[in-house]
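Letter by letter, the chains look like this.
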Amino acid sequence: MSDGVEAALHCTLVLAGLPDGRVLTGRSLAALHGVSESYLLKHLRALAAAGVVDAVPGPRGGYRLARAPALITLLDIVEAIDGPEPAFVCREIRRRGPGKGQDPCVYKTDCFIKTRMLAAEQVWRDALKAQTVQDLVADGARLIDPENKAAVARFLAAEQR
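The model shown is predicted, which means the values in this text are computed figures rather than measured ones.

What counts and how
- Residues numbered from 1 in each chain as written.
- Predicted model: local features only at pLDDT ≥ 70, side-chain atom pairs only at ≥ 80, totals over all residues.
- Heavy atoms only, no water.
- Helix = DSSP H or I, 4+ residues; strand = E, 2+ residues; numbered from the N terminus.
- Rg over C-alpha atoms; globule rule 2.2 N^0.38 Å.
- Contact = heavy atoms within 4.5 Å.
- Lys, Arg positive; Asp, Glu negative; His and termini not counted.
- Charge placed at Lys NZ, Arg CZ, Asp CG, Glu CD.
- 1 Å grid on protein atoms, 1.4 Å probe; cavity = no way out; pocket = protein on both sides within 12 Å on 5 of 7 lines; lining within 4 Å.
- Points joined across faces, edges and corners; volume = space filled by probe spheres on them.
- Nonpolar A, V, L, I, M, F, W, Y, C, P; charged D, E, K, R; others polar.
- Buried < 20%, exposed > 50% of the residue type's maximum accessible area, 1.4 Å probe, protein only.
- Pairing = 2+ DSSP bridges.
- Salt bridge = Lys/Arg side-chain N within 4 Å of Asp/Glu carboxyl O.

A. Main features of the overall build of the protein chain. Looking only at helices and strands, the protein chain has seven helices and two strands in total. Shown N-terminal to C-terminal, the secondary structure of the protein chain runs as helices and strands in the order α-α-α-β-β-α-α-α-α. By the compact-globule yardstick of 15 Å for 161 residues, the protein chain is too spread out, its C-alpha radius of gyration being 21 Å. The dimensions of the protein chain, computed from C-alpha atoms along their principal axes, are 70 × 35 × 25 Å. In the protein chain, of all internal contacts separated by at least 6 residues, the share reaching a separation of at least 24 is 68%. If the 21 positive side-chain charges of the protein chain are averaged to one point and the 19 negative ones to another, these points end up 4 Å apart.

B. Region of interest: the layout of surface pockets. Here the largest pocket is characterised by a volume of approximately 480 Å³. Among the elements of the structure, helix H1 (3-16), helix H2 (26-33), helix H6 (133-143) and helix H7 (146-159) are those that each provide at least two residues to the lining of the largest pocket. Residues belonging to the lining of the largest pocket are distributed by class as follows: nine nonpolar, five polar and one charged.

C. Quick look at H2. Of the positions making up H2, those classed as buried are Gly26, Ser28, Leu29 and Ala30. Lining the buried residues of H2 we find H1, helix H3 (37-49), strand S2 (62-65) and H7. Downstream of H2 by a residue or two, Gly34 has a phi angle that is positive, lying close to 65 degrees.

D. Region of interest: the environment of Pro19. Structurally, Pro19 can be placed in the loop between H1 and H2. Residues Pro19 and Val133 lie 114 residues apart in sequence; the distance between their C-alpha atoms is 16 Å.

E. Geometry of the pairing of strand S1 (residues 53-56). Judged from the four bridges that link them, S1 and S2 form a sheet pairing that is antiparallel. Pairing of Val56 across the sheet is with Gly62, part of S2. Here S1 folds back onto S2, and the loop between the two strands holds five residues, one of which, Gly58, carries a positive phi near 105 degrees.

F. Spatial organisation of the pattern of salt bridges. Within the structure shown, the criterion is met by seven salt bridges. With a shortest N-O distance of 3.2 Å, Glu37 and Arg27 are connected by a salt bridge. Residue Glu37 is located in helix H3, and its partner Arg27 is located in helix H2; the two are separated by 10 residues in the primary sequence. Judged by relative accessible area, Glu37 falls into the partly exposed class, the value being 29%.

G. Representation of the environment of Phe88. Secondary-structure assignment places Phe88 in the loop between helix H4 (74-82) and helix H5 (112-129). Looking at Phe88, the relative accessible area reads 25%, which means it is partly exposed. Counting along the chain gives 46 residues from Phe88 to Lys42, while the straight-line C-alpha distance between them is 24 Å. When neighbours within four sequence positions are excluded, Phe88 is seen to be in contact with Ile113, Lys114, Met117, Leu118 and Glu121.

Structure, rendered in structure tokens:
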């Protein structure tokens, strides 16, 4: 998984805390998370293209969630950043080298390693699909210490548009 997934998850969590009709700029989100604006904007564009966030244009524009936090899965965010393609790519190395079979018929079925890796990935994707940004909001309410909550709340109050 790329580093962009972490940034995207944190940004969607922050955007979930905005009042209706309010936005945060990419610059503000980058400052809050201590990452470069250009780096984060690339990921915010991917989230917008996937329909996870709305990019509001104009001088008072910024980003907000495109739908309710309970309707955005963690898989939506992962796939927006890293794409829907499988993480495991079988390159069929079993067909190379001195141990390869000479009869092409022995390769008619998928490699059993590929089969197991893709099955495991499906379990992982199903787990991400079962969790939402609303679950992250609930975790944050329980697990973020009061000092950090207050600091983020002050930042959001000052930066939201």
